[in-house]
Amino acid sequence: MELANLDWSNLSFAYKDTDYNVRCYYRNGQWGELEVSSSNQINMHMAATTLHYGQEAFEGMKAFMGKDGKVRIFRWEENAERLIRSAQGIMLAEVPKELFKKAITRAVELNRRFVPPHGTGASLYIRPLLIGTGPRVGVKPADEYLFMVFVTPVGPYFKEGFSPVKVQIARDVDRAAPLGTGKYKVGGNYAASLLSGTRAHDEGFAACLYLDAVEKKYIDEAGPANFFGIKNNTYVTPKSDSILPSITNKSLQQIAKDMGMEVEVRPIPVEELPEFDEVGACGTAAVISPIREIQDRDTGKVYTYGDKPGPISTKMYHKLQAIQTGDEEDKHGWVLKMDV
Ligand SMILES: Cc1ncc(COP(=O)(O)O)c(C=O)c1O
């Protein structure tokens, strides 16, 4: 198959149209057949619950081209399970794992010509989306749903290579409440982060570093990514019910163990920040964004970690990428190697 005519090495992390997407409708209490569409539009009732009450959840994962010319999808089962938890959290119809797998693999197969070549640093981002389409005026879950998957080729997150960023602690905002929906991948959390995230960008930072909403004492999340710190051969990452359980973070914890490090998942007080040798944010988009500076907007305190990525973050970053692209053995069974 001929590859799409794109400048693969210069793709940015932005939406690009591909050939097809797949859709499946939930009506009368059951999922229908998977349908293929070549339109980037969806047609829905103006009173759909997704539009008014934010009844929607989504996922994000990537497919990579291996040296052997086979496409690999990273840890899809974890994303399928997280979408089920999000669905339970905001009363969406659950997407069975097998339907999820069929939809993502079909979306990748149909857009095979958009999977970036091995070695370009680019990948095919897969975006499953689950929305309440049934009309409601009262605040109630919908009776009809649409599950769809689109894909889009994306470049490496860092155009100038793997480079450390600055983040901002802001105490006048919360992304999620302790007993709220922070642990689900639902649109409302992202709407709630737009104002503080945009302000952080405008003030020269890559993201807002949220603290726990109750005491403003512990680190919660780094914008759309989890936080981690490294000290004394230990990978430390926050334990909190209001953060999204990141699949990248889970994978890095395993990689840290494989590298002979200790792993601690526990509350991280802000006062501990000066003790870390390396800190970073992790997620599907960037794998790891090393953090070079944390500025506390309210106290004026500044924590610095050097302008170059730390050695452990760098090693973990390359190791995870090598597993994703098939350059390194997939000993934990994380990769679905496709026949295309
Ligand atoms: C709020 C938030 N936290 C963390 C992550 C990282 O999760 P993952 O590693 O599964 O992409 C994401 C991105 O998906 C996110 O949106």
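Here the residue index of a chain counts from 1 through its sequence in written order. At least 70 in pLDDT is required for a residue's local features to be given in this predicted model, at least 80 for side-chain atom pairs to be given and counted, and no such filter applies to totals for whole chains, interfaces and linings, which use all residues.

## Brief notes about the overall build of the protein chain
Right, so step 1: Numbering of helices and strands starts at the N terminus; helices are DSSP runs of H or I of at least 4 residues and strands are runs of E of at least 2. Counting its regular elements, the protein chain contains six helices and 18 strands.
Right, so step 2: Taken over C-alpha atoms, the radius of gyration is set against a globule rule of 2.2 Å times the number of residues to the power 0.38. Rg of the C-alpha trace for the protein chain: 20 Å, near the compact-globule value of 20 Å for 340 residues, within the 12% margin.
Right, so step 3: Its C-alpha atoms put the protein chain at 55 × 50 × 35 Å along the principal axes.
Right, so step 4: For every residue, the other C-beta atoms within 10 Å of its own C-beta are counted; 20 or more classify it as buried, 12 or fewer as exposed, and values in between as partly exposed. C-beta atoms are placed from the backbone. Sorting the 340 residues of the protein chain into buried and exposed places 45% on the buried side.
Right, so step 5: Taking contacts inside the protein chain between residues at least 6 apart in sequence as the whole, the part at least 24 apart equals 70%. By the criterion used throughout, residues are in contact when their C-beta atoms, derived from the backbone, lie within 7 Å.

## Quick notes on the domain arrangement of the protein chain
Right, so step 1: By domain assignment, the protein chain separates into domain 1 (8–154) and domain 2 (165–325).
Right, so step 2: Taken together, the contacts link 22 residues of domain 1 with 13 residues of domain 2.
Right, so step 3: When residues of the side of domain 1 that touches domain 2 are traced back to their parent elements, those giving at least two are strand 4 (56–58), strand 5 (61–65), strand 6 (71–74) and helix 2 (76–89).
Right, so step 4: Sort the elements by how many residues they give to the side of domain 1 that touches domain 2 and helix 2 lands first, with six residues.
Right, so step 5: The residue inventory of the side of domain 1 that touches domain 2, partitioned by class, reads seven nonpolar, seven polar and eight charged. Note that the domain bounds reflect an automated or database-derived domain assignment. All amino acids are sorted into three groups, where Ala, Val, Leu, Ile, Met, Phe, Trp, Tyr, Cys and Pro are nonpolar, Asp, Glu, Lys and Arg are charged, and the leftover types, Gly among them, are polar.

## Focus: unusual backbone geometry
Right, so step 1: Backbone geometry places Met91, a non-glycine residue, at a positive phi of 60 degrees.
Right, so step 2: Structurally, the position occupied by Met91 is in the loop between helix 2 and helix 3 (97–110).

## Concerning helix 2
Right, so step 1: By this rule, a helix spans an expected 1.5 Å times one less than how many residues it contains. When the terminal C-alpha atoms of helix 2 are compared, their 20 Å separation across 14 residues agrees well with the 20 Å that a helix rising 1.5 Å per residue should span.
Right, so step 2: Of the positions making up helix 2, those classed as buried are Trp76, Asn79, Ala80, Arg82, Leu83, Ser86 and Ala87. Along the axis of helix 2, the buried residues cluster in a sector spanning 165 degrees; they form a single face.
Right, so step 3: A positive phi of about 60 degrees marks Met91, the residue just after helix 2. The directions considered for the arc run from the helix axis to the C-beta atoms.

## With respect to the site of the ligand
Right, so step 1: In this entry, near means the residue's backbone-placed C-beta atom lies within 6 Å of the molecule or strand. The environment of the ligand is made up of Gly60, Glu221, Pro224, Ala225, Asn226, Leu244, Ser246, Ile247, Thr248, Asn249, Gly283 and Thr284.
Right, so step 2: The biggest single contributor to the shell around the ligand is helix 5 (residues 247–258), with three residues.
Right, so step 3: Across the shell around the ligand, the residue classes tally to four nonpolar, seven polar and one charged.

## Thoughts on the nonpolar core
Right, so step 1: Core membership is restricted to buried Ala, Val, Leu, Ile, Met, Phe, Trp, Tyr and Cys residues, and these are joined into a nonpolar core through C-beta atoms within 7 Å. Residues Ile126 and Leu209 are the most contacted members of the largest nonpolar core, which totals 85 residues.
Right, so step 2: No other element matches the eight residues that strand 8 (residues 145–154) contributes to this core.
Right, so step 3: In terms of domain composition, this core takes at least three residues from each of domain 1 (8–154) and domain 2 (165–325).
Right, so step 4: Setting aside its immediate chain neighbours within four residues, Leu209 contacts Val167, Gln168, Ile169, Ile219, Ala222, Phe227 and Ile294.

## Focus on the environment of Leu320
Right, so step 1: Within the element layout of this structure, Leu320 appears in helix 6 (residues 311–325).
Right, so step 2: Take Leu320: there are 21 C-beta atoms within 10 Å of it, and that puts it in the buried class.
Right, so step 3: Taking the C-alpha atoms as reference points, Leu320 and Lys67, 253 residues apart in sequence, are found 16 Å from one another.
Right, so step 4: With near-sequence residues (within four places) excluded, Leu320 lies in contact with Ser251, Leu252, Ile255 and Val287.

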